[in-house]
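Chain residues, written in single-letter form:
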Amino acid sequence: MNFHYDVIVIGGGHAGCEAATAAARMGAKTCLITMDMNKIAQMSCNPAVGGIAKGQIVREIDALGGEMGHVTDATAIQFRMLNRGKGPAVWSPRAQCDRGRYIWQWRTVLDSVDNLNIWQDQADELLVENGEAVGVRTIWGVEFHAKCVVVTAGTFLNGLLHIGRHMFPGGRCAEPAVPHFTESITRHGIRSARMKTGTPVRLDRRSIHFEDTEKQPGEADFHQFSFMGPHRVLQQLPCWTCYTNKEAHDTLRSGLADSPLFNGQIQSTGPRYCPSIETKLVTFPDKDQHPLFIEPEGENTNEMYLNGFSSSMPIEVQLDAIHKIPALRDAVAYRPGYAIEYDYFDPTQLNHSLESKVVPGLFFAGQVNGTTGYEEAAGQGIVAGINAALKCGGSEPLVMKRDESYIGVLIDDLCTCGVDEPYRMFTSRAEYRILLRQDDADARLTERSYQLGLATRERYDWWKEKETAIGRIVEFCQQTSVKPSEVNDALERFGSTPLRTGCKLSELVCRPQLSLEKLKPIFPRLAELMDAPKNRKEEIAEAAEIKMKYKGYIERERIVAEKMHRLEDIKIKGHFNYEDLHELSTECRQKLKAINPDTLGQASRIPGVSPSDINVLLVLMGR
């Protein structure tokens, strides 16, 4: 074999799979190195994709030409659109997946990609020559050489598992840790630190009393992740909810002395927004109950995931507490919950392309950047893969702005602010979330991805058809005049105020009581336009309606975003010696020196840099 490649991707998780696929499809000769080919894209924690803001990231990956949306739709056993009670800016798709099928669906994808090889092995040493990454050596002594190396090692770098006072090296349960690779990176000046995450007990479905739970069915409408994938291929299954109680809490409290989180055994920081059950008890001592979600691991398995009960308590404490819950009084476990500590690298040492500022040619994506979540990892992975391929070809990197994608927000937050706890995406992190809706990801990203060579012609053509269909519906509504006599009976029936004078149809669409679906029977031409698309006509109608209902908000937010672009266009990297700028505050000088931002816009988002500091820099730039 010839072990010389354009791009090497280390780690076969969600970030690694997207990175390898993207790089190879863009023409780079790529090799994915993974410890176990049978656990490609393993869902290490809950068997679900999407959620608040995370679902938007998956839609963006799909729009870019990535695979997470396709794979999820092909293996989903439940789909729901979260936040329906709020505006469409924060609607977020989420799906339960069949864990085993998800792995093999990804394997099918990887096996079909030209220019992509897979090598089962463990990375041991980063190879650096003249200050640049040139490859990797594995534990079996194989040397791979490449123009770019993408590290997506997840929780495996010096991973340490905790259950009670028991500790054991591992990257996941029953899988070995990677002991030396971090040190081969940090010796070149890249900073690392430790983080912690955890996972709950898995239960046998046959031992659960579902009569004591509340059933949570999925949704059967047209929504899904990929705009081109299959729809509800597998049997759709419900989830169930129940609650902890005082007796369970008392049992857990009795074991806190042996909890790695509270006896000093774990020193690193865990995820704030996905705390362990013992952390919930300590943080919220007055709460008598916490919700639990019983989620199926697959279409044909008895294994159930107990969402909300992440724990590293001793095994007997976990099981005793679970048995105090009525629905779980006879629960049989497959394995206990555990915590894991692992290495990550300071993301402020990255460019927005996810290439290291310290070691050119070295890219990082996923949990090694201090994030948590499959979706955040995959979003970074596709960007790292794209930019590694672009670097190999001598092209400028892809850098997405904060008003362009949640992925852009994620990467900017990491590179600009860094992390002091595992980073999780929320809609509240995006100041332009009206522009970053789940329904318009392809409008924002597909054209650009097609120009880069990642999105296929089929993907691009489908988007252009969708764009045209949306435009026809919107144009018809904006140009069609409506008389009171035509619609007043229907308006009264729908609880909407009757017209006194004529108006445009688009004005009626904007009323909260009305929708295109309700107005379609009154206007035959509208019905024709809504029924005309060959594919995803409900999705097209929804996108058109959102554009009309929220037109004012969208335009206002676009104006604000364009004003911020002026700061993004002012390049400051290399223009200043910040230590000499005594017009700036001491904290500002320290932060600017540490981050070394590319633009004034990025500088304005650094904690500790005030608006007055930005004004000083503007003056010094002669603006």
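Calculation notes
Residues numbered from 1 in each chain as written. Predicted model: local features only at pLDDT ≥ 70, side-chain atom pairs only at ≥ 80, totals over all residues. Heavy atoms only, no water. Salt bridge = Lys/Arg side-chain N within 4 Å of Asp/Glu carboxyl O. Helix = DSSP H or I, 4+ residues; strand = E, 2+ residues; numbered from the N terminus. Buried < 20%, exposed > 50% of the residue type's maximum accessible area, 1.4 Å probe, protein only. Pairing = 2+ DSSP bridges. Axes fitted to C-alpha atoms, helices over the stretch in contact; angles between N-to-C directions.

Student: Any chance you could explain the pattern of salt bridges here in plain terms?
Tutor: Should the charged atoms of two oppositely charged side chains come close, the side chains can pair. Within this structure, the stated rule accounts for 50 salt bridges. A salt bridge links Lys54 to Glu375, with the nearest nitrogen and oxygen atoms 3.3 Å apart. Highlighted residues: Lys54 in helix H2 (residues 54–64) and Glu375 in helix H9 (residues 374–392), separated in sequence by 321 residues. Judged by relative accessible area, Lys54 falls into the buried class, the value being 8%.

Student: I keep staring at the sheet that holds strand S5 (residues 92–97) and nothing clicks. Help me out?
Tutor: One open sheet accounts for three strands, arranged S3-S5-S4; its pairing is antiparallel. Unpaired on one side and paired on the other, strand S3 (48–50) and strand S4 (76–82) mark the two borders of the sheet. Ignoring strand direction, the axes of neighbouring strands in this sheet form an average angle of 15 degrees. Two strands pair when backbone bridges link them, and S4 and S5 are joined in this way by six bridges, in the antiparallel orientation. The partner of Arg80 across the bridge, within S5, is Arg94.

Student: In this structure, what is going on with the pairing of strand S8 (residues 132–138)? I would like to understand it.
Tutor: Regular strands place their side chains on alternate faces of the sheet. The buried fraction of S8 is high, at five of seven residues. Where strand S7 (residues 123–129) meets S8, six bridges bridge the pair, whose relative direction is antiparallel. Paired with Glu125 across the two strands is Arg137, which belongs to S8. Connecting S7 to the next strand, S8, in antiparallel fashion are two residues, including Asn130 with a positive phi near 55 degrees. Examined bridge by bridge, S8 and strand S9 (residues 143–151) share three bridges and lie antiparallel to one another. Residue pairing across strands places Val136 opposite Phe144, the latter belonging to S9. The hairpin turn running from S8 into S9, its antiparallel successor, is four residues long, and Gly141 in that turn takes a positive phi close to 85 degrees.

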